[in-house]
Amino acid sequence: MSVTLPIADVTLRGLLGRRRAILLMLLAALPVLIALLIRLTGGRPDPDRVLDILVVQFVMPLLALIVGTSVIGSEIEDGTAVYLIVKPVARWRIVAAKALVAIGLTALLVVPAVIVTAALLGGRGDTMTTIVGFAVACLAGGSAYAVAFLALSVFTSRAFLIGLAYVLIWEGVLAGLLEGTKFLSIRQATLGLTSTLGVDLSGEPLAPAVSVAVIAVALVGGFMLASWRLSRFEIRGGD
């Protein structure tokens, strides 16, 4: 813990000290702004639909993608990760610190957006159930996305493009068309958890056990893969 926290602190300051912080805040504010626009124009307030389309399908994965691929992938790409890797610190501790930042920042951006958006829209049914259901599910789903994208960034410098293709093409199109592949989608697992928590969603969500399993595999598998890959890094004399 004494090693993990300083690494996490440096990582967080590095992330928030760049222009990407503005992009992150704008993305997180998007569903809130849409909710305000719906209220001001007299549109039909449907928090379940707005949170599904804007947050679960769009904002949450993109925020996790930006954060997850930046906490260590950008350091590997620009060479500054060398200064951390050469220290006598277990590689899994480095990954744990980076994952802590990725999960924490994603949650800090997504969960308040869910709460404020649902509160503004209100709508049919129990608003509190919608808030709790989506907030808890997005906390789990956002964490899974963040760790999965972190792991991807340790393996390839094209992690952002691959992650974007996964979010927009696989989850956005194919997972909805190919029913048998829903278990490969973090978004579908997030919706499955949301439904389990009492939110009435359209369509047929994943079963609770499958949803939990998908989230767990993304979290544990991503952490283990990232730790293994980072342990294989070798620093040459020229580096």
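Preceding this paragraph is the structure being described.
In this report, the structure presented in the accompanying data block is examined. Because the structure is predicted, anything quoted here is derived from the model rather than measured.

### A look at the packing of helix α7 (residues 127–155) against helix α10 (residues 208–231)
Argument step 1. Where α7 meets α10, the closest approach of the two axes is 8 Å, and the angle between their N-to-C directions is 25°. Considered as vectors, α7 and α10 are oriented roughly parallel to each other. Helix-helix and strand crossings are classified by hand; for α7 and α10 the assignment is left-handed. Each of Ala-140, Gly-141, Ser-143, Ala-144, Val-147, Ala-148, Leu-150, Ala-151, Val-154 and Phe-155 in α7 lies in contact with α10, whose residues at this interface are Ile-215, Ala-218, Leu-219, Gly-222, Phe-223, Leu-225, Ala-226, Trp-228, Arg-229 and Leu-230.
Argument step 2. When the residues that make up the contact of α7 with α10 are grouped by side-chain class, the tally is 16 nonpolar, three polar and one charged.

### Structural notes on the pattern of salt bridges
Argument step 1. According to the stated counting rule, one finds one salt bridge in the structure shown.
Argument step 2. When the shortest N-O distance is used, the salt bridge between Arg-187 and Asp-52 registers 3.1 Å. Placement of Arg-187 in helix α9 (residues 186–196) and of Asp-52 in helix α3 (residues 47–70) is noted, with a sequence separation of 135 residues between them.
Argument step 3. Exposure remark for Asp-52: the relative accessible area of 18% places this residue in the buried category.

### Some thoughts on α9
Argument step 1. Burial runs high along α9: nine of the 11 residues are buried.
Argument step 2. Along α9, the residues classified as buried are Ile-186, Arg-187, Gln-188, Ala-189, Thr-190, Leu-191, Gly-192, Leu-193 and Thr-194.
Argument step 3. For α9, the side-chain oxygen to backbone nitrogen distance between the N-cap and Arg-187 is 3.3 Å, and the N-cap itself is Ser-185.
Argument step 4. Gly-198 sits one or two residues past α9 and shows a positive phi near 105°.

Calculation notes
Residues numbered from 1 in each chain as written. Predicted model: local features only at pLDDT ≥ 70, side-chain atom pairs only at ≥ 80, totals over all residues. Heavy atoms only, no water. Axes fitted to C-alpha atoms, helices over the stretch in contact; angles between N-to-C directions. Helix = DSSP H or I, 4+ residues; strand = E, 2+ residues; numbered from the N terminus. Parallel < 35°, antiparallel > 145°, perpendicular 65-115°, else oblique. Left-handed = near helix turned anticlockwise from the far one by under 90°. Contact = heavy atoms within 4.5 Å. Nonpolar A, V, L, I, M, F, W, Y, C, P; charged D, E, K, R; others polar. Salt bridge = Lys/Arg side-chain N within 4 Å of Asp/Glu carboxyl O. Buried < 20%, exposed > 50% of the residue type's maximum accessible area, 1.4 Å probe, protein only. Polar contact = N/O pair within 3.5 Å; in protein donor to acceptor, adjacent residues only side chain to side chain.

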